[in-house]
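# Reading the structure
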Amino acid sequence: MNLRGWWAPALALLIPVAAAAQRSPADEAYERRRAELVKELETTQQRLSELRGQRVQLQARIENVLAAELERRAQQLMMSSERDALMQLDAILTSSQDNLIAQRERFRSLGDAVRRRTGSVLVVLLRADSAAQGQTITDARVEVDGAVAATREYSATANEALKLGAVDQLYRSDVLPTRHSIRFQATVNGQPIVQTIDVNTAGETVTYLQFAVRNGQLVPTTWTSRGTTPF
């Protein structure tokens, strides 16, 4: 019988048993601890990867919020500038309007004061001689102290009214109580006629100046009245 043939398999079975018999409890504890640490390391690395992803997402959200806030702030600043400009313009317009109203009231007060102080009114009238049947007045023009005060053009109907006794008031205005130069020009039967007359006006008095067209000539008449003054 060959001894080498039967003990070789038995020896192969005894080697692992002997190796296992040689491992101490400390080695087993080390292996367990090592396995636990490896597992914890893998878990920690996985958690770290998740935290990195979350940080990237959070950073992106923060940047989006900052961009939106900057855009909103820019729009607010633009609207604020426009609003301030509109408010300043409104203040300027309001101030200008107040100044205009104040000046208008001041001029009105001055005008009222002048009228109360002078109280002088000048009235210029035109009438035609009713006895002159073939007389036609085409137009008339009144100048007071060198300035045109009134112009008229007369139709056939207006001439008929004048022939029936109508009186045309050409001019009425407050004037200073002093001497005034009145120039009257009219076209009668196609011919121009002109006359200039000086009139003295008094305070608190209405001074009437009437030009009557009689036989192609101008006949001026003046009179005063205190009962028909506007005061």
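Nothing here was measured: the structure is a model prediction, and the numbers come from that model. (Residues numbered from 1 in each chain as written. Predicted model: local features only at pLDDT ≥ 70, side-chain atom pairs only at ≥ 80, totals over all residues. Heavy atoms only, no water.)

Next up on the list: the overall build of the chain. Helix and strand counts for the chain come out as three helices and eight strands. Listed N to C, the secondary structure of the chain is α-α-β-β-β-α-β-β-β-β-β in terms of helices and strands. Long-range contacts, defined here as pairs at least 24 residues apart, represent 58% of the contacts in the chain between residues at least 6 apart. Put simply, the chain shows about 16,900 Å² of open surface, and 55% of that area lies on carbon and sulfur atoms. (Helix = DSSP H or I, 4+ residues; strand = E, 2+ residues; numbered from the N terminus. Contact = heavy atoms within 4.5 Å. Areas by Shrake-Rupley, 256 points an atom, 1.4 Å probe, with all protein chains shown as cover.)

Moving on: the sheet that holds strand β5 (residues 179-188). Strand order in this open sheet of four strands is β3-β2-β5-β6, and the pairing throughout is antiparallel. Taken across any chain shown, the strands that pair with only one partner, and hence form the sheet edges, are β3 (147-153) and β6 (191-200). The sheet shows a mean angle of 15° between the axes of neighbouring strands, direction not considered. Pairing between β5 and β6: 10 bridges, direction antiparallel. Note on β6: the bridge partner recorded for Val 188 is Gln 191. (Pairing = 2+ DSSP bridges. Axes fitted to C-alpha atoms, helices over the stretch in contact; angles between N-to-C directions.)

One pass over the structure, following the stated rule, counts two aromatic pairs. Between the aromatic rings of Tyr 208 and Trp 223, the centroid separation amounts to 5.2 Å while the plane-to-plane angle is 15°, which identifies the pairing as stacked. Taken together, the residues span a long stretch of sequence, with Tyr 208 in strand β7 (residues 205-214) and Trp 223 in strand β8 (residues 217-225) at a distance of 15 residues. For Trp 223, a relative accessible area of 35% puts it in the partly exposed group. (Phe/Tyr/Trp six-rings, centres within 6.5 Å; stacked < 30°, edge-to-face > 60°. Buried < 20%, exposed > 50% of the residue type's maximum accessible area, 1.4 Å probe, protein only.)

This paragraph deals with the nonpolar core. Leu 122, Val 142, Ile 182 and Phe 184 are the most contacted members of the largest nonpolar core, which has 25 residues in total. Only β1 (120-128), β2 (137-144), β4 (167-175), β5, β6 and β7 provide two or more residues apiece to this core. Setting aside residues no more than four positions away along its own chain, Val 142 makes contact with Val 124, Ala 147, Val 148, Ala 149, Ala 150, Leu 170, Ile 182, Arg 183 and Phe 184. Residues Val 121, Val 123, Leu 125 and Val 206 belong to the second largest nonpolar core, which totals five residues. (Core = buried A, V, L, I, M, F, W, Y, C linked by side-chain atoms within 4.5 Å.)

So, on to the pattern of salt bridges. When the charged atoms of two side chains lie near each other, side chains of opposite charge can form a pair. One pass over the full model with this rule turns up five salt bridges. The shortest N-O distance in the salt bridge between Arg 104 and Glu 105 comes to 3.5 Å. You can call Arg 104 partly exposed: its relative accessible area is 46%. Relative accessible area serves as the criterion here: at 32%, Glu 105 is assigned to the partly exposed category. Connected via shared salt-bridge partners are Arg 141, Glu 143 and Arg 183. (Salt bridge = Lys/Arg side-chain N within 4 Å of Asp/Glu carboxyl O.)

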